[in-house]
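# Coordinate inspection notes
Spelled out from the first residue to the last, the chains are:
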Amino acid sequence: MNRLTKDYIVFPLDFSTAAEARKYVRLLSGRVGMFKVGLELFIRSGAEVLETIRKEGRARIFLDLKLHDIPVTVSRAMEQIAAWRAAYTTVHCAESRAMLQAAVEGAGLKTRVLGVTVLTSVSGRDLQESGLDSAYADDPGALVIKRAQMAYDAGCAGVVCSGQEVAEIKRRFGDRFVTMVPGIRPGWAVEADDQKRVVTPGRAVQNGADYLVIGRPIRDAGDPVDAVEMITSEIEDALAGR
Ligand code: C5P
């Protein structure tokens, strides 16, 4: 199946109400490949929002709930996520391989599980305070790779990672291991906001990213549809040169 350029774009519905989310689902359906629903919106109005995305019918669902619990609980929660017909979902890699395997088993064949390796909000010092070897405090990137290995061994479809880590992850785990990349900032989006390791859409795709999570540069643009079109043509150029 040939991928369309829009399939690279994942728009996070980072809104607190279903009404706001609905507005963007209607506006961007058919222009992006997936809508990401996170904890805030899911807790508040999950059923309603997922139903809206499904009814619009032109984009898939990424249910980003970042599970972390004992294996049996994770497995059963994953069954419920799969029942929502989410294309992708997430689990933390920080616990055990057994938990990751349980996640993959629970999700079944239709929902693909991505591992969250190290949150970008976590510093080396945080890692040390939480009891990890000080080697990881000096080099959190080494922990990202170690956890990606766990995800790979457990049968996860891929990981969430920064655009700067994509190339190394693809080199180690192969092209079919999916990379979902947040922290994307087009050259024209001046604000980096709270994102640190940012890359442009073109650079992320050149590095091998499969999906780009792009929120504020689209949401806060004067014309969000225009912003998506500019991003789409940047991705097209990068694909042509890859
Ligand atoms: O493009 P923008 O920074 O607005 O995207 C924010 C979205 O990316 C949020 O939904 C957030 O959960 C997600 N995300 C992130 N950093 C990560 C993982 C996910 O910003 N490391």
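## Looking at the nonpolar core
If you look at the biggest cluster of nonpolar residues, it comprises 63 residues, and the most contacted ones within it are Phe 11, Leu 13, Leu 28, Phe 35, Met 78 and Val 91. No other element matches the six residues that helix H7 (residues 140–154) contributes to this core. Sequence-distant contacts of Val 91, defined by excluding residues within four places in its chain, comprise Lys 66, Leu 67, Val 74, Met 78, Met 99, Leu 100, Ala 103, Val 113, Leu 114, Gly 115 and Val 116. Counting residues in hydrophobic clusters, the runner-up holds 13 residues, among them Ala 87, Tyr 88, Leu 114 and Ala 157.

## So, the packing of aromatic side chains
One pass over the full model with this rule turns up seven aromatic pairs. When the ring of Phe 15 is compared with that of Tyr 24, the centres are 4.8 Å apart and the planes differ by 25 degrees; the resulting orientation is stacked. Tyr 24 matches Phe 15 in its accessibility class, with the two residues each being buried. Between Tyr 152 and Phe 173, the aromatic rings sit 5.3 Å apart at their centres with planes inclined by 35 degrees, giving tilted as the arrangement.

## Describing the pattern of salt bridges
Across all of its chains, the model carries 14 salt bridges by this definition. In this structure, Arg 97 and Asp 153 form a salt bridge, with 3.8 Å as the shortest nitrogen-oxygen distance. Note that Arg 97 is positioned in helix H4 (residues 97–107) and Asp 153 in helix H7, a separation of 56 residues in sequence. Under the relative-accessibility criterion, Asp 153 is labelled partly exposed at 34%.

## Notes on the packing of helix H3 (residues 71–83) against H4
Helix-helix packing is described using two parameters, namely the angle between the two axes and the distance between the axes. Orientation of H3 relative to H4, taken along the N-to-C sense of each, is 30 degrees, at an axis distance of 7 Å. In terms of orientation, H3 lies roughly parallel with respect to H4. For H3 against H4, the interelement crossing comes out right-handed. Seen from H3, the contacting residues are Pro 71, Val 74, Ser 75, Met 78, Glu 79 and Ala 82; seen from H4, they are Ala 98, Met 99, Ala 102, Ala 103, Gly 106 and Ala 107.

## As for the side chain of Lys 36
In this structure, Lys 36 sits in strand S2 (residues 34–37). Contacts of Lys 36, omitting those with residues within four sequence positions, involve Val 10, Phe 11, Pro 12, Leu 13, Phe 62, Asp 64 and Val 213.

## Describing the layout of surface pockets
Summary: where empty space remains is shown by rolling a probe the size of a single water molecule over the atoms. By volume, the second largest pocket is sized at about 450 Å³. Lining the second largest pocket are 19 residues, and of these Arg 3, Arg 60, Tyr 88, Asp 210 and Tyr 211 sit closest to its centre. Among the residues making up the lining of the second largest pocket, the classes are represented as six nonpolar, two polar and eleven charged.

Cut-off values and rules
- Residues numbered from 1 in each chain as written.
- Predicted model: local features only at pLDDT ≥ 70, side-chain atom pairs only at ≥ 80, totals over all residues.
- Heavy atoms only, no water.
- Core = buried A, V, L, I, M, F, W, Y, C linked by side-chain atoms within 4.5 Å.
- Buried < 20%, exposed > 50% of the residue type's maximum accessible area, 1.4 Å probe, protein only.
- Helix = DSSP H or I, 4+ residues; strand = E, 2+ residues; numbered from the N terminus.
- Contact = heavy atoms within 4.5 Å.
- Phe/Tyr/Trp six-rings, centres within 6.5 Å; stacked < 30°, edge-to-face > 60°.
- Salt bridge = Lys/Arg side-chain N within 4 Å of Asp/Glu carboxyl O.
- Axes fitted to C-alpha atoms, helices over the stretch in contact; angles between N-to-C directions.
- Parallel < 35°, antiparallel > 145°, perpendicular 65-115°, else oblique.
- Left-handed = near helix turned anticlockwise from the far one by under 90°.
- 1 Å grid on protein atoms, 1.4 Å probe; cavity = no way out; pocket = protein on both sides within 12 Å on 5 of 7 lines; lining within 4 Å.
- Points joined across faces, edges and corners; volume = space filled by probe spheres on them.
- Nonpolar A, V, L, I, M, F, W, Y, C, P; charged D, E, K, R; others polar.

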